[in-house]
Each structure stands twice: as C-alpha cells, then as structure tokens.
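The lines below spell out each chain.
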Amino acid sequence: MLLIEKVVKLLDDFHFGIFREHVKNLSIRSYYPLALLDVIDRDMEKEQESEKLFKAVYGDEPEGEKDMKKFFQLAHHTFKLTGFLARNYPDYLQNNITRIQHLVNTGRLDAATRLAEMVLDVSGKIEDFDSEMKVLRFLAQREGYLESSKGALSYYERIGELLKLKQIINDINFFVYRKLKDKGKEEVNNVPETLAFFENYKSHQSQVIQLLSRLSICHLLFMFRDASFYTEENFREMESIEEALEKYDYIIFPHLHNIRTKLTFLKLNFSARQLSTEKVLDEATAIIEQSEDDLFWNSFINLPEINSIAIQTSHLVTNYFTSYREDHLEILPDETKTRVRFLKNKCTALLENKMLKEEYVVKYINLTTIYSGLLLLGSKEEIAESYDLLENLLLFYQQVPFHAYIDPIYLNLILAGFCLKDFEKVERSYRRYKKSTTGKVVNPENDLVLHGFYYASKWLETQRDQYVKKLSAVIEQTSGKTNLITTRKLLTDVIQYFEIPVSLALLENN
C-alpha cells in the first residue's frame, strides 16, 4: 500500500478536508495530486492496486515501467504535501488511537492491529513520536495478553528509544531558551560551549533532532553576534539545512516552531549586505510568503512580517542614508521613497496593535526602533521625530531587559543628532551607549557606524586632529572585509561630503 494511501485512510474527516483544500488551492500543477487524493478509497479495509490508481488518475492504462515510475513520483510528491498538516496540525494521526481503542472494545482485534501497524508505519516515517508511542503501548499490551513476552519487550524497548528522543528535543529547546534569556551578556555567549552541546546531535539519525540542533547553532551564533555566523562555511550549512527541510517537508516538528521562516531570516541577514536592493526586497517578501502556511500566526504577532520589515529597513538605511546632506530628499530615488513610505505605513499599523504593545513589549521596542530608522530617511522634521521617539522609548521602558536592541537604538539616536547638527545630542547618546553596553556584546557593524559618526560629529564640532585619527582607525577596521563594504562606503561618503581630512589613500584602500 502506498504511503499516501495509508495517510488518506488514517485522516479523519476534519484533517482530510483541511488537507484536500490545501492541495486544491495550490497551483495548476496540483491537478494530479488532487486527483490522486480523490480516487483513494478512505476505507481502511480496502487496498487499491497501483495500476488501477494510475488509470483512475490519468485515464489510461499504464504502458510500462516508465508510466508507473511517473505515478510513484506523483504519490511521493503528494505525500510531501502533508507538510502543511505537519506544520499546522502535527497531531493529525492521533484520532486513530481512539479508533484502535474502539475496535478493541468491539471485539475487532485484527482490525485494530492492522490499523495500529498502519499508524506505526506512517508515524515512523514522519517522526510523530507521540502517535508512535501510543500505538506501541497498545501493541505491547496486546502481546502481553497473547502471552508473548518477547514481542512485548521489543515494543517497550522502542518506546524507551522514543522517550530519549523526546528528551533530547526538550533539552535542545531548554538550552536555546536559557541562552536567549541571557543573550547579550559576554559570560553567557560562550560559543565553544554552544557548539559542544550540539555536537552529538548534528548527525543524529532523527531528522527532527538533527535539523533542530543545526538550525539552533546558526540561530544562537546570530544572536551572539559571533563572527563565525558570517563565514561562507556557515552559509553553506544554512543552505544544506534548507535542502534538508525541502526534502523532509513532511517531518513533524513541535507545534509553533518557526523553522523555515527563521532559516530564511538568518540567510537573508547573512547576505543582505551583498545583495542588490531588488534581491533583498524579493527575499524579504519571501519570508512573509513562507509564513502564510504557518496558520498559528493568526493567534500571535506575525514575527516573520516584523523580521521582513526589519531586514528591508536595515538595507535601506545602510544603502540610502544621506540625510545629513541638504539635498538628501532630492537624491533619494523615487522607488526608495515609495518603499520607505510603504514600510512606515506597515509599522504604524502594527504599532497601533494593542496586543503588541501590551503582550510583546520587547517586539514593540524592536518595531519602534525599526520605525525610527525609516524616519531617518525622511525630512528634518521626521528625523527630529525619530530622536524624540527613541528618547521616550528609553525613558518609559528603562526597566525592560531589551539588550539585543540597545545598540540599534543608540545608533539611530546618534544618526539623528548628527543629521540635526545637534552635537550635544550626539555626545549624550554616545556616553549613554558606552554605559549601557559595558560588559555586553554589541553588533560589530552597528558599533563601527556609531563610533564613525560620533568621531565625525566631534570633528565637525571641534576641528581637532585627534578625531580624524580615531575616525581613520574606524575606517581601517573595515578594510578588506566583505561584510563591511557598505559600512565602509557609508562612513566614506560622510567623510568626503564634510571634507574631513582623513587620508585619501586610506579611503581608497580596500
């Protein structure tokens, strides 16, 4: 019996209806998967020959091995589409436990056993450990009543293995959240410890454990702001994870786990500085599109949408921040103005969400910071609004631990003060930044830009050579580093516009 055939027989009416509607709503290429679903008999007792299913789907008799290979590829593709159920209804096999119990209670042990074996086959394939354990308990007890201790022991042995797998998943989640709880503290961001913890799981036989551990490494390296996140080796690892997720789309991950969109977010953060504006916007849009299949966002703030806005904003500010110039709005491309206006409207709508402000305080702070970055690309009035917005943020939420967003806040404050030529604001923001980040990890790129604009501000204010030397030292730190190309250009443009006497040779040295 085909695997997809077993799945269709195991689905109750609700899950089958959800699944069929999903397949129906896919592109025109989904005609044959839908046709296959509709010709499979959902009666558990009936098994259909593959040749007859082929004819029912395609309308003709199969003419040989080539036709049957095509049919089996269709069957596998249709089975992979159960990834939609895996992401949104990971317990879709659980109804069969009650079915098994009812068959036993009505004297139909053979039918119950056949159903259990069918569930066992599918649950093992999709790594549904909970359903597999419940079926194994039934089979073990059945063996006991049939006086087969050896059979019962083999089932209980497998249950023990599954319990260990579930414990590992819990350990991974516990480790990640413990690290995230204290992120930003230097003594917590222990990369060797993190890599050592996940080492045994990176090649685990369970795809769920393997992929969770590999993605968690990438996620924590990003959150730790560790330089190894930005290596080509790590990017290849993320691409490998993406390929595995595509291959094993039907695997059951714990409900509410944001697997695919998180990976896309990490990949885009890696490559944002190397991509064209058009490519960045396309990739950022893909994050939202991927999240559309995760129905649980209907009950939560849509984090992929916020991540998408954050990436687009970061890219736009990095590449189009010329707000210190008098002709800024004239040289800003029209398409960029349109994109900034669109993103500001998205931010405004999200910030007005009462649930975001009351139940997602840190995300509210993050989105406010993003919005302030968009304001930095506007008029002098909008730049002043950006500064006041962040000042109020620091005042009203000073008791909230949001270290991960501290350096972007102070960076935006310094950029705003610089554009307004308010050197006192720049000085005050810089001193508060140094105090707030003592003993904590900051984003190296943000730190370089922040120091660059601070030294440029001090030179404009005092004309002292010491600030030229310090600004030159910042430029030197960007030399030859591909991930800092846009940072270097941003600072170089400022230096050249204000004619700060940094060595021309230093500026040209890449």
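Scroll up to find the structure this text is about.
Residues numbered from 1 in each chain as written. Predicted model: local features only at pLDDT ≥ 70, side-chain atom pairs only at ≥ 80, totals over all residues. Heavy atoms only, no water.

Asker: How do you make sense of the overall build of the protein chain when you look at a structure like this?
Answerer: Secondary structure summary: the protein chain contains 27 helices and 0 strands in total. Each principal axis of the C-alpha atoms in the protein chain carries an extent, and together these give about 90 × 50 × 45 Å. Relative to its 510 residues, the protein chain shows a buried fraction of 52%. Long-range contacts, defined here as pairs at least 24 residues apart, represent 66% of the contacts in the protein chain between residues at least 6 apart. On the protein chain, roughly 25100 Å² of surface is accessible, and the fraction owed to carbon and sulfur atoms is 50%. Charge-centre separation for the protein chain: the mean point of 65 positive side chains lies 3 Å from the mean point of 76 negative side chains. (Helix = DSSP H or I, 4+ residues; strand = E, 2+ residues; numbered from the N terminus. Buried < 20%, exposed > 50% of the residue type's maximum accessible area, 1.4 Å probe, protein only. Contact = heavy atoms within 4.5 Å. Areas by Shrake-Rupley, 256 points an atom, 1.4 Å probe, with all protein chains shown as cover. Lys, Arg positive; Asp, Glu negative; His and termini not counted. Charge placed at Lys NZ, Arg CZ, Asp CG, Glu CD.)

Asker: What exactly am I supposed to notice about unusual backbone geometry here?
Answerer: As a rule of thumb, non-glycine residues mostly have phi less than zero, and peptide bonds are mostly trans rather than cis. One non-glycine residue with positive phi stands out, namely Gln463, at about 65°. With respect to the helices, strands and loops of the structure, Gln463 is situated in the loop between α24 (444–462) and α25 (465–478). The exposure class of Gln463 is partly exposed, given its relative accessible area of 48%. The phi dihedral of Glu499 is positive, around 55°, even though this residue is not glycine. The topology assignment puts Glu499 in the loop between α26 (485–497) and α27 (504–508). Judged by relative accessible area, Glu499 falls into the exposed class, the value being 64%.

Asker: Could you clarify how one ought to interpret α24 in this entry?
Answerer: Working note: α-helix, 3.6 residues per turn, so residues spaced by three or four point in the same direction. The terminal C-alpha atoms of α24, which comprises 19 residues, lie 27 Å apart, in line with the 27 Å expected from a rise of 1.5 Å per residue. With a side-chain oxygen lying 2.9 Å from the backbone nitrogen of Glu445, the N-terminal cap of α24 falls on Asn443. At the exit of α24 stands Gln463, carrying a positive phi of roughly 65°. (Expected span 1.5 Å × (residues − 1). Polar contact = N/O pair within 3.5 Å; in protein donor to acceptor, adjacent residues only side chain to side chain.)

Asker: Where do I start with the pattern of salt bridges in this structure?
Answerer: Once their charged atoms are close, side chains differing in charge can pair, the charge on each being opposite to the other. Tallying each qualifying case throughout the model produces 29 salt bridges. Across the pair Asp249 and Arg260 runs a salt bridge, and its minimum N-O distance is 3.0 Å. Taken together, the residues Asp249 in the loop between α13 (232–247) and α14 (259–271) and Arg260 in helix α14 connect sequence positions 11 residues apart. Arg260 carries the same exposure label as Asp249, and that label is buried. Through salt bridges with shared partners, a single ionic network connects Glu427, Arg431, Lys458 and Glu461. (Salt bridge = Lys/Arg side-chain N within 4 Å of Asp/Glu carboxyl O.)

Asker: Please explain the environment of Thr492 as it appears in this structure.
Answerer: Tracing the chain through its elements places Thr492 in helix α26. Measuring from C-alpha to C-alpha, the distance between Thr492 and Val502 comes to 9.3 Å, with 10 residues separating the pair along the chain. At a separation of 2.7 Å, a polar atom in the side chain of Thr492 contacts the main-chain carbonyl oxygen of Arg488.

Asker: Would you mind going over the packing of aromatic side chains with me for this structure?
Answerer: Geometry of an aromatic ring pair is reported as the spacing of the ring centres plus the angle between the planes. Inspection of the entire model under this criterion finds 31 aromatic pairs. Centroid distance Phe222 to Phe265: 5.7 Å. Interplanar angle 90°. Geometry classified as edge-to-face. One end of the pair, Phe222, is in helix α12 (residues 207–223); the other, Phe265, is in helix α14, and 43 residues separate them in sequence. For the pair shown, Phe222 and Phe265 are each scored as buried. Taken together, the ring pairs in this structure connect Tyr31, Tyr32, Phe54, Tyr58, Phe71 and Phe72 into an aromatic cluster. (Phe/Tyr/Trp six-rings, centres within 6.5 Å; stacked < 30°, edge-to-face > 60°.)

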